[in-house]
Amino acid sequence: MTDFAATKAMFHLPEGMIYLDGNSLGPLPKATAARVAQAVTDEWGEKVITGWNRAGWMAQPTALGDRIGRLIGAEPGHVVLGDTLSIKVYQALAAAIDLVPDRRVILTDNGNFPSDIYMAEGLIKSLGRGHELRVVDPEDVENHINDDLAVLMLTQVDYRTGRLHDMQALTAKAHAAGAITCWDLAHTAGAMAVDLQGCNADFATGCTYKYLNGGPGAPAFIYVAPRHIDNCQPALSGWLGHEAPFDFDLDYRPGTGIERMRVGTPPVLQMAALDASLYIWDSVDMDALRIASIALTERFIAGVEARCPDLTLASPRDPHQRGSQVSFAFAHGYAAMQACIARNVIGDFRAPDIMRFGFCPLFIDAGDVDAAIDVIADVMDNKLWDDPQYKAVARVT
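Residues numbered from 1 in each chain as written. Predicted model: local features only at pLDDT ≥ 70, side-chain atom pairs only at ≥ 80, totals over all residues. Heavy atoms only, no water.

Caption draft 1: Fine view of the overall build of the protein chain. On a plain count of helices and strands, the protein chain comes out with 13 helices and 15 strands. Against the 2.2 N^0.38 benchmark of 21 Å for 397 residues, the protein chain shows a C-alpha radius of gyration of 22 Å, consistent with a compact globule. When its C-alpha atoms are laid out on the principal axes, the protein chain stretches across 65 × 55 × 40 Å. Buried positions account for 56% of the 397 residues belonging to the protein chain. Carbon and sulfur atoms form 54% of the exposed surface of the protein chain, whose accessible area is close to 16200 Å². One way to put it: in the protein chain the 32 positive side-chain charges average out to a point 2 Å from where the 50 negative ones average out. (Helix = DSSP H or I, 4+ residues; strand = E, 2+ residues; numbered from the N terminus. Rg over C-alpha atoms; globule rule 2.2 N^0.38 Å. Buried < 20%, exposed > 50% of the residue type's maximum accessible area, 1.4 Å probe, protein only. Areas by Shrake-Rupley, 256 points an atom, 1.4 Å probe, with all protein chains shown as cover. Lys, Arg positive; Asp, Glu negative; His and termini not counted. Charge placed at Lys NZ, Arg CZ, Asp CG, Glu CD.)

In structure tokens form, the structure reads like this:
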């Protein structure tokens with residue numbers, strides 16, 4: 001699929017809205033409501049508990065995992081869905097630590113999503129084995145990869161600025177130093193092609209409610225490289241990661257392959273929503289998507305910089321060094337974004353001063369970009385942000 005006018009018709013987009021926040025929550029595919037209704041009425045309603053077998057609910061975490069695997073360059077049978085991204089980050093990091101038992105340093109950067117850092121801190125405290133979480137500037141990560149490193153834990157695309165880490169180069173350097181890598185693909189999966197196998201990545205995690213349009217609360221995924229899967233020990237030894245869950249054995253035995261990274265009960269209705277979205281993604285050419293994404297972000301940057309001198313580009317200028325989002329810094333960024341949202345241009349804000357805009361060619365085109373620039377310029381030129389109603393900070397920004 002390279003016809004993005006056709007994919008745009010597959011999404012429900014509210015009348016008059018320009019939605020530039022798919023990097024935070026993807027919009028609703030038109031097929032989702034019927035697919036979820038089918039899961040509710042035909043599967044849950046008619047099959048009741050037999051749906052676990054007859055509707056294939058128990059197999060969905062790995063079946064959907066393989067469909068996501070195509071988008072992220074994973075080997076078949078090495079991605080599984082379930083739980084939240086924070087849980088999957090915890091699982092990946094715990095397993096990675098165990099693969100390098102004689103080292104104690106976990107390296108990340110201050111552009112990593114805070115939840116990943118929180119999970120690492122919590123894991124370190126619970127282990128009590130003297131591990132150190134070393135947090136550096138994104139630009140300094142490479143300089144801190146050395147022989148005392150156990151795990152390199154990074155989000156590939158910085159959630160604030162869109163800065164893109166070179167997965168292949170950093171993974172190679174980490175491996176040369178004897179370390180293991182954990183990559184968070186929350187802002188990459190569905191935004192651009194990823195090649196986990198080609199980059200020789202060890203572990204990867206990601207969510208499905210952003211670019212993959214699985215809906216609010218959609219399950220996360222975890223990838224484990226084939227060379228590690230039979231050796232990694234699940235830190236969260238949940239029932240469904242057991243070798244034989246329905247033997248009800250009181251002693252845990254990890255399941256075969258990626259199945260051992262399952263924890264809790266699969267979220268059946270959320271998986272149905274994701275299933276509907278993946279029918280779109282199944283046919284998307286990821287290289288064509290990336291080309292279109294770069295064209296849109298370049299157009300947006302040029303237009304905003306030409307008309308809004310008070311906004312400062314916070315994303316890398318080189319499109320090959322950023323993901324599929326563009327961020328601008330402005331001292332009154334929260335209020336300015338609220339003024340844009342009031343005029344149906346939807347982006348979001350990240351403290352302290354970042355106005356963030358996401359671009360997915362599946363439902364955003366050049367006309368949308370130009371119309372968004374007009375609104376942003378109006379907000380800035382006329383200081384529409386300087387209105388008390390836009391300065392009251394909501395719980396979700």
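Caption draft 2: Structural detail: the sheet that holds strand β5 (residues 105-109). Reading across from one edge, β4-β10-β9-β8-β7-β5-β6 is the order of the 7 strands in this open sheet, with mixed pairing throughout. The sheet is open, and its two edges are formed by β4 (79-81) and β6 (132-136), each paired on a single side. For this sheet, the mean angle separating the axes of adjacent strands, direction not counted, is 20 degrees. Summarising the sheet, β5 and β6 pair through 5 bridges and their orientation is parallel. By the bridge assignment, V105 is partnered in β6 with E132. Each of β5, β6, β7 (149-155) and β8 (180-184) touches helix α6 (residues 114-127); the most contacted strand, β6, lies at about 155 degrees to it. Across the sheet, helix α7 (residues 167-176) is in contact with β7 and β8; its angle to β8 comes to roughly 155 degrees. (Pairing = 2+ DSSP bridges. Axes fitted to C-alpha atoms, helices over the stretch in contact; angles between N-to-C directions. Contact = heavy atoms within 4.5 Å.)

Caption draft 3: Spotlight on helix α4 (residues 60-72). Helix length check: α4, at 13 residues, gives a terminal C-alpha distance of 18 Å against a target of 18 Å (1.5 Å per residue), a fit within 8%. Of all the 13 residues making up α4, 10 are buried; the element is thus mostly covered by neighbouring parts of the structure. Residues of α4 that are buried include every one of Q60, P61, T62, L64, G65, R67, I68, G69, L71 and I72, and no others. Those residues of α4 that are buried lie in contact with α2 (32-47), β4, α8 (196-199), β10 (221-224), α10 (268-281) and α11 (286-307). (Expected span 1.5 Å × (residues − 1).)

Caption draft 4: Focus on the UniProt feature "modified residue: N6-(pyridoxal phosphate)lysine" (unreviewed entry) in the protein chain. When the UniProt feature table is mapped onto this chain numbering, "modified residue: N6-(pyridoxal phosphate)lysine" (unreviewed entry) sits at K210. With respect to the helices, strands and loops of the structure, K210 is situated in the loop between β9 (203-206) and β10. Contact partners of K210, with chain neighbours within four places excluded, come to G22, N23, S24, L25, G26, A186 and H187. (UniProt positions renumbered as here; feature names shortened; annotations may be inferred.)

Caption draft 5: Molecular detail of the packing of aromatic side chains. Here the structure, examined in full by the defined rule, presents 12 aromatic pairs. On the basis of an interplanar angle of 55 degrees and a centroid distance of 4.9 Å, the ring pair of F300 and F359 is categorised as tilted. Remark: F359 occurs in the loop between β15 (354-358) and α13 (366-381) and F300 occurs in helix α11; sequence separation between them is 59 residues. With respect to burial, F300 and F359 carry one shared label: buried. With a centroid separation of 5.4 Å and an interplanar angle of 75 degrees, the aromatic rings of F330 and W385 are classed as edge-to-face. One end of the pair, F330, is in the loop between β12 (325-329) and α12 (333-342); the other, W385, is in the segment after α13, with 55 residues separating them in the sequence. Given the relative accessible area of 10%, F330 is considered buried. On the basis of relative accessibility, which here comes to 10%, the residue W385 falls in the buried class. Site record: aromatic cluster; members linked through ring pairs are F300, F328, F357 and F359. Cation over ring: R67 sits above Y279, and NZ or CZ is 4.6 Å from the ring centre. (Phe/Tyr/Trp six-rings, centres within 6.5 Å; stacked < 30°, edge-to-face > 60°. Lys NZ or Arg CZ within 6 Å of the ring centre and 35° of its normal.)

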